[in-house]
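# Commentary on secondary and tertiary structure
One letter stands for each residue in the lines below.
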Amino acid sequence: MKCTTSYGKEIIMRKSGANVIVCPAFVDVHVHLREPGRPDKETIRTGSLAAASAGYTCICPMPNLDPVPDCRENLEQELELIRRDACIQVLPYASITMGRKGLETVDFESLKDSVVAFSDDGSGVQDSAVMLRAMESAKALDCILAAHCEDNRYGDSPESEWKQIERDLELAARTGCAYHVCHISTARSVEAIRQAKRSGVDVSCETAPHYLLLTQNEIRDEGRFKMNPPLRMPDDRDALIQGLLDGTIDMIATDHAPHTAAEKSLGLRGSANGIVGLETSFPVLYTYLVRKGVITLERLVELMSTAPRKRFRLGEAPMDTATMDLDAVWTIDSSRFRSMGHSTPFDGWEVYGRCLETRYKGKTVYAFDNE
Ligand code: DOR
Ligand code: ZN
Ligand code: ZN
């Protein structure tokens with residue numbers, strides 16, 4: 001199968017001589033920055049600095065915060081911190097339901113102008129009547145719903161993800177709402193979304209680097225392999241890659257989810273769900289998908305930059321660029337991350353691709369200084 005779109009192509013410039021490219025800066029539509037609420041895990045400042053150092057100029061933090069951005073007043077707290085501390089564009093999500101409790105939908109109208117979209121990420125919306133109401137509001141107000149799909153009746157099994165996706169796809173078909181599926185991890189999820197796209201549903205989806213490069217077989221009894229959804233089977237990973245190739249999967253987000261070292265030190269069972277991803281995404285994907293010939297460099301840039309911009313209506317940003325040295329080889333060392341989170345299954349991996357410079361609105365927000 002081939003790549004259906006490739007408009008990343010014309011905008012990647014190669015610098016003559018070295019294997020260095022200047023490409024559209026990356027956009028991550030799924031991160032967790034922990035402020036307000038848990039600044040001991042990550043702050044707007046550390047998260048945005050980590051992102052900038054990896055080539056990102058736009059990140060979208062999820063609303064599992066304290067307080068939850070479910071009303072104007074709560075959202076304002078988060079926006080104030082963003083205005084004060086962010087070094088790149090930080091566009092938050094509002095929650096779909098009050099307190100992310102899955103019962104009562106938020107007032108979309110009062111929040112929509114300041115958020116990228118709506119999501120209850122961290123949990124699935126269990127009640128389909130609530131999801132239907134949310135989709136009706138989203139449709140009426142032209143907002144995007146981004147769903148963490150997890151049906152609690154099925155634990156963290158594959159069914160738990162794809163059954164809720166199938167439910168939502170029917171609701172999305174019925175309402176016509178713009179619907180985005182977060183971090184898909186199973187083969188059945190890919191197939192359900194593929195069929196829905198064929199029948200004209202306004203659906204998009206993301207997956208994350210760890211679901212593309214790792215499986216259950218690589219899991220060790222360490223917190224850095226613990227995330228939700230969990231790593232799946234080789235067949236699932238292969239289906240995700242197929243989905244990247246045929247356009248079923250629209251974009252790659254990291255689900256960057258920092259926790260304290262203590263919360264990640266309790267093995268596979270006891271540790272908190274979530275791994276960091278901002279500072280490893282391009283290098284691991286470039287090394288293990290592009291260099292291995294699975295996808296093209298142009299497709300990777302599209303998946304990490306132009307495609308999320310388009311779907312989430314972020315506008316073009318010709319002055320936002322990432323300069324990447326594709327020949328630089330280095331070993332991932334999580335102790336050196338700018339993020340306050342240090343838990344990653346990619347620790348110790350040898351990778352190609354280093355961010356030399358990130359420009360946001362034409363201004364340098366990060367430059368590699370060989371430290
Ligand atoms: O791994 C995860 N981490 N999955 C989630 O659903 C939530 C996230 C977090 O906030 O840490
Ligand atoms: Zn999630
Ligand atoms: Zn998440």
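Here, every reference points to the structure presented above.
As a starting point, this report considers the structure included with it.

### Remarks on unusual backbone geometry
Trans peptide bonds make up the majority, and among non-glycine residues the majority have a negative phi. A cis amide bond links Glu 35 to the next residue, Pro 36, at an omega of 0°. With respect to the secondary-structure elements, Pro 36 resides in the loop between strand S3 (26-31) and helix H1 (44-53). Cis peptide bonds are those with omega within 30 degrees of zero, and the linkage from Asn 228 to Pro 229 qualifies with 0°. The topology assignment puts Pro 229 in the loop between helix H7 (209-213) and helix H8 (234-246). Unlike most non-glycine residues, Asp 142 shows phi in positive territory, near 60°.

### A few points about the coordination of the zinc ion (ligand 2)
Within the protein, the zinc ion (ligand 2) binds to Asp 121 (OD), His 148 (ND1) and His 183 (NE2); these donor distances fall in the range 1.9 to 2.1 Å. Taken in chain order, the donor set of the zinc ion (ligand 2) reads D-x26-H-x34-H. For Asp 121, a relative accessible area of 2% puts it in the buried group. By relative accessible area, which is 2% here, His 183 ends up buried.

### With respect to the packing of aromatic side chains
To describe a pair of aromatic rings, one takes the distance between the centres and the angle between the planes. All told, the structure shown has six aromatic pairs when counted by the stated rule. Ring centres 5.3 Å apart and planes at 15° place the aromatic pair Phe 26 and Phe 282 in the stacked group. You can see Phe 26 sitting in strand S3 and its partner Phe 282 sitting in helix H10 (residues 281-290), a full 256 residues away along the chain. Here Phe 26 matches Phe 282 in class, with each residue buried. Consider the rings of Phe 346 and Trp 349, whose centres lie 4.8 Å apart with planes at 80°: the pair is edge-to-face. For Trp 349, a relative accessible area of 22% translates into the label partly exposed. Among the aromatic residues, those joined into a ring-pair cluster are Phe 26, Tyr 56, Phe 282 and Tyr 286. Above the ring of Trp 162, the side-chain terminus of Arg 188 is found at 3.7 Å from the ring centroid.

### Description of the sheet that holds strand S1 (residues 13-15)
Across the sheet, which stays open at both edges, the five strands sit in the order S1-S2-S10-S11-S12 with antiparallel pairing between neighbours. Edge positions in the open sheet fall to S1 and strand S12 (363-367), since each of these has one partner strand only. Across this sheet, the average inter-strand angle for adjacent strands is 30°, counted without regard to direction. In this structure, strand S2 (residues 20-24) lies alongside strand S10 (residues 321-331), joined through five bridges in antiparallel fashion. Across the sheet, the residue bridging to Ile 21 is Met 324, located in S10. Those strands touched by H10 are S10 and strand S11 (350-360), and its axis lies near 135° from that of S11. The sheet strands contacting helix H11 (residues 297-311) are S1, S2 and S10, and the helix crosses S2 at an angle near 40°.

### Describing the site of ligand 1
For ligand 1, the full set of nearby residues is His 32, Arg 34, Asn 64, Gly 122, His 148, Met 227, Asn 228, Ala 257, His 259, Asn 273 and Gly 274. Arg 34 places a polar side-chain atom, nitrogen or oxygen, 2.7 Å from an oxygen atom of ligand 1. The backbone of Asn 228 places a nitrogen or oxygen atom 2.9 Å from a nitrogen atom of ligand 1. Tallied by class, the residues present in the shell around ligand 1 amount to two nonpolar, eight polar and one charged.

### Describing the packing of helix H5 (residues 158-175) against helix H6 (residues 187-198)
Interhelical geometry of H5 versus H6 gives an angle of 15° and a closest axis separation of 9 Å. On the basis of their axis angle, the class for H5 and H6 is roughly parallel. H5 and H6 meet at a crossing whose hand is right-handed. Judged by residue contacts, Glu 161, Trp 162, Ile 165, Glu 166 and Leu 169 of H5 engage Arg 188, Ser 189, Ala 192, Ile 193 and Ala 196 from H6.

Cut-offs used in this document
- Residues numbered from 1 in each chain as written.
- Chains lettered and ligands numbered in written order.
- Predicted model: local features only at pLDDT ≥ 70, side-chain atom pairs only at ≥ 80, totals over all residues.
- Heavy atoms only, no water.
- Helix = DSSP H or I, 4+ residues; strand = E, 2+ residues; numbered from the N terminus.
- Donors = N, O, S within 2.8 Å, 3.2 Å for Na, K, Ca; no water.
- Buried < 20%, exposed > 50% of the residue type's maximum accessible area, 1.4 Å probe, protein only.
- Phe/Tyr/Trp six-rings, centres within 6.5 Å; stacked < 30°, edge-to-face > 60°.
- Lys NZ or Arg CZ within 6 Å of the ring centre and 35° of its normal.
- Pairing = 2+ DSSP bridges.
- Axes fitted to C-alpha atoms, helices over the stretch in contact; angles between N-to-C directions.
- Contact = heavy atoms within 4.5 Å.
- Near = heavy atom within 4 Å.
- Polar contact = N/O pair within 3.5 Å; in protein donor to acceptor, adjacent residues only side chain to side chain.
- Nonpolar A, V, L, I, M, F, W, Y, C, P; charged D, E, K, R; others polar.
- Parallel < 35°, antiparallel > 145°, perpendicular 65-115°, else oblique.
- Left-handed = near helix turned anticlockwise from the far one by under 90°.

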